[in-house]
Amino acid sequence: MQELHDAPLAPLTTFRLGGPATRLVTATTDAEVIAAVREADDTGTPLLLIGGGSNLVIGDKGFDGTALHIATRGFSLDGTTLELAAGEIWTDAVARTVEAGLAGVECLAGIPGSAGATPIQNVGAYGQEVSATITEVTAYDRRSRETVALSNADCAFSYRHSRFKADPERYVVLRVRFELEDAGGLSAPLRYAETARALGVEAGDRVPLTAARETVLKLRAGKGMVLDPEDHDTWSAGSFFTNPLLTDEQFAAFRSRVAERLGDAVEPPAFPAGDGRVKTSAAWLIDRAGFAKGYGTGPARISTKHTLALTNRGEATTEDLLALAREVVAGVHDAFGVTLVNEPVTVGVSL
């Protein structure tokens, strides 16, 4: 277990932002992870968990406590059952499942970060969510001080949410188990219209796994959502804001604001989200509120490829990023009465 003091955290995040940690511990086994967590809990030391760093916004002052970098490794495939250690690189794991001819996560290709983060956020994209294939999460319970196994139902998954996100101080994910599908080398049924169009098929069709994965990677790259150290348009946390979920009443009020601002002929995006709620598009809101691709003149700007990505152009500070995020949130609310919610976890700062 490696230990550093006054250690920079920016290199461990996809934003390349944030000040140092008082102490940085890198754990490569479950036992080391548990030992570091117990030590922090026993001494009352603030603890920050870092996986792939793709969903973190760390303040410029850094973190006064122990930052635990979970760098465990483990990829186990038994038939259609996949188990990943929390520190496994998610993009590599997806590639290996496709190579093995198994469907279920192929449309989650190119998402940066670690496997252990996927159940926390209920990671999803292009018509797939990990909640559809996760069967069990092994975690260390800081309250009971024991390792526990949580079933899919125990995880309480919903849109970009889970039991882990609802109670972030309780569980430390150690391993994640998935049940995939052997469809003879074909993908799961495509549920995202853009993916189906790009492949020249209908929604609900299956395509070769490699074609599905490669198409998603191309779509993501076109939006600056595949990490590239040389491309500052990818120095981001992916989608910075979640798509708003509105009640029917809230959506009706929103729709009226759209008509006032853009005209009666303009219909905002609307997708049924269950429980009497409607999901609309954060990217559409941002763009129609006047924040186009590439917006900004400072070191933090909206990506030139996608309005949902806020980027570090190389010399930004976290405060630069937050100033841009606050401007976008205020502008969307003023225009449409909808409040955007940030998707990345903030550390030592807030919008």
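Numbering of residues begins from 1 in every chain and follows the order in which that chain's sequence is written. It should be noted that, the model being predicted, local features are given only for residues of pLDDT at least 70 and side-chain atom pairs only at 80 or more, the latter also being counted only at that level, while totals for whole chains, interfaces and linings use all residues. Excluded from the side-chain calculations are hydrogens and water; all other atoms, namely the structure's heavy atoms, are used.

Of all hydrophobic cores here, the largest spans 48 residues; its most connected members are Val33, Leu68, Trp90 and Phe178. Secondary structure follows DSSP: runs of H or I at least 4 residues long count as helices, runs of E at least 2 residues long count as strands, and numbering of each begins at the N terminus. The greatest single-element share of this core, amounting to 6 residues, is contributed by strand 12 (residues 171–179). Beyond its immediate stretch of four places on either side in the chain, Trp90 contacts Leu84, Val105, Leu108, Ile111, Gly113, Ser114, Ala115, Thr118, Val130 and Phe178. Counting residues in hydrophobic clusters, the runner-up holds 35 residues, among them Phe240, Leu285, Val338 and Val349. Nonpolar core, defined: a set of buried Ala, Val, Leu, Ile, Met, Phe, Trp, Tyr and Cys residues in which side-chain atoms within 4.5 Å join the residues together. Relative accessibility under 20% of the residue-type maximum defines a buried residue, over 50% an exposed one, and the middle range a partly exposed one, all with a 1.4 Å probe and only protein chains included. It only takes one pair of heavy atoms within 4.5 Å for two residues to be counted as in contact.

Pairing of aromatic rings covers Phe, Tyr and the six-membered ring of Trp, with a centre-to-centre limit of 6.5 Å; geometry is then stacked below 30 degrees between planes, edge-to-face above 60, and tilted otherwise. Evaluated as defined, the whole model comprises 10 aromatic pairs. Ring geometry for Phe15 and Phe240: centres 6.3 Å apart, planes at 65 degrees, overall edge-to-face. Of this pair, Phe15 sits in the loop between strand 1 (2–8) and strand 2 (20–27) while Phe240 sits in the loop between helix 6 (209–222) and strand 13 (245–247), placing them 225 residues apart in sequence. We classify Phe240 as buried; its relative accessible area is 1%.

Looking at the second largest pocket, its volume works out to about 380 Å³. Space inside and on the surface of the protein is sampled on a 1 Å grid over the protein atoms alone, with a cavity defined as a set of points where a 1.4 Å probe fits but cannot get out and a pocket as an open set with protein on both sides within 12 Å along at least 5 of 7 lines; lining residues have an atom within 4 Å of a point. Lining the second largest pocket are 26 residues, with Gly52, Ile89, Pro112, Gly113 and Leu227 sitting closest to its centre. Elements with a contribution of two residues or more to the lining of the second largest pocket: strand 5 (63–70), helix 2 (90–99) and helix 6. Nonpolar residues are Ala, Val, Leu, Ile, Met, Phe, Trp, Tyr, Cys and Pro. Charged residues are Asp, Glu, Lys and Arg, and all others, Gly as well, are polar. The residue makeup of the lining of the second largest pocket, split by class, is 12 nonpolar, 11 polar and 3 charged. Grid points are joined across faces, edges and corners, and a volume is the space filled by probe spheres set on the points.

This part is about the sheet that holds strand 11 (residues 146–151). Paired through backbone hydrogen bonds, the strands of a sheet run either parallel or antiparallel to each other. On the basis of which strands lie adjacent, the open sheet formed by 5 strands has the order 6-7-12-10-11 and antiparallel pairing. Edge positions in the open sheet fall to strand 6 (75–78) and strand 11, since each of these has one partner strand only. Across the sheet, the axes of successive neighbouring strands diverge by a mean angle of 20 degrees, strand direction being ignored. A pair of strands is labelled paired if DSSP reports no fewer than 2 bridges between them. Pairing between strand 7 (residues 81–85) and strand 12: 5 bridges, direction antiparallel. If you follow Ala85 over to strand 12, its bridge partner there is Arg175. The angle between two axes is taken between their N-to-C directions and runs from 0 to 180 degrees, where each axis is a line fitted to C-alpha atoms and a helix contributes only its stretch in contact. Across the sheet, helix 1 (residues 30–43) touches strand 10 (134–141), strand 11 and strand 12, and the angle it forms with strand 12 is around 150 degrees.

In this section: helix 6. A rise of 1.5 Å per residue sets the reference length of helix 6, with its 14 residues, at 20 Å; its end C-alpha atoms lie 20 Å apart and thus fit the reference within 8%. Residues of helix 6 that are buried: Leu209, Ala212, Thr215, Val216, Leu219 and Arg220. Looking down the long axis of helix 6, one finds its buried residues gathered within 135 degrees of arc, a one-sided arrangement. Contact partners of the buried residues in helix 6: helix 2, strand 8 (124–125) and helix 5 (193–199). At the C-terminal side of helix 6, Gly224 shows a positive phi close to 70 degrees. Multiply 1.5 Å by the residue count of a helix minus one, and that product is the helix's expected span. In this description, one arc is meant: the one made by directions from the helix axis to the C-beta atoms.

Our focus in this paragraph is empty space enclosed by the protein. In the structure shown here, the tally under the stated rule is 1 cavity of 30 Å³ or more. Roughly 70 Å³ of internal volume is contained in the largest cavity. Every residue along the wall of the largest cavity is listed here: Thr14, Ser54, Pro112, Arg220, Gly224, Met225, Val226, Leu227, Thr234, Ser236, Ala237 and Gly238.

Inspection of the sheet shows strand 10 paired to strand 12 by 7 bridges, in the antiparallel sense. Opposite Thr138, over in strand 12, you have Arg175 as the bridge partner.

Once that is clear, we can look at the environment of Asp41. By the secondary structure assignment, Asp41 is in helix 1. Taking C-alpha positions, Asp41 is 41 Å from Glu99, a pair spaced 58 residues apart along the chain. Residue contacts for Asp41: discarding those within four places in its chain leaves Arg142 and Arg145. Two N or O atoms form a polar contact when they lie within 3.5 Å of each other; inside protein one atom must be a possible hydrogen donor and the other a possible acceptor, and for residues adjacent in sequence the pair counts only when both atoms belong to side chains. At 2.6 Å, the side chain of Asp41 and the side chain of Arg142 are in polar contact.

With respect to the element layout, Asp233 can be found in the loop between helix 6 and strand 13. Judged by its relative accessible area of 3%, Asp233 falls in the buried class. For Asp233, the side chain forms a polar contact with the side chain of Thr304, separated by 2.3 Å. Side chain to side chain, Asp233 and Lys305 meet in a polar contact 3.0 Å long. Discounting chain neighbours no more than four positions away, the residues touching Asp233 are Gly224, Ser303, Thr304, Lys305, Thr311 and Arg313.

Quick look at the sheet that holds strand 15 (residues 277–279) now. In spatial order, the strands read 13-15-14; together these 3 strands make up an open sheet with antiparallel pairing. The open sheet has two edge strands, strand 13 and strand 14 (271–274), and neither has a second partner. Strand after strand, the sheet turns through a mean of 40 degrees between neighbouring axes, direction not considered. In this sheet, strand 15 lies alongside strand 13 in antiparallel orientation, the contact comprising 3 bridges.

Between two packed helices, the angle of one axis relative to the other and the distance separating the axes together describe the packing. Between helix 7 (residues 248–262) and helix 9 (residues 318–336), whose axes approach to 8 Å, the crossing angle comes to 90 degrees. Relative to helix 9, the element helix 7 lies roughly perpendicular. Here Phe254, Arg257, Val258, Arg261 and Leu262 of helix 7 lie close against helix 9, whose contacting residues are His333, Asp334, Ala335 and Phe336. Residues belonging to the contact of helix 7 with helix 9 are distributed by class as follows: 5 nonpolar, 1 polar and 3 charged. Should an angle lie under 35 degrees it is considered roughly parallel, over 145 roughly antiparallel, and from 65 to 115 roughly perpendicular; all remaining angles are considered oblique.

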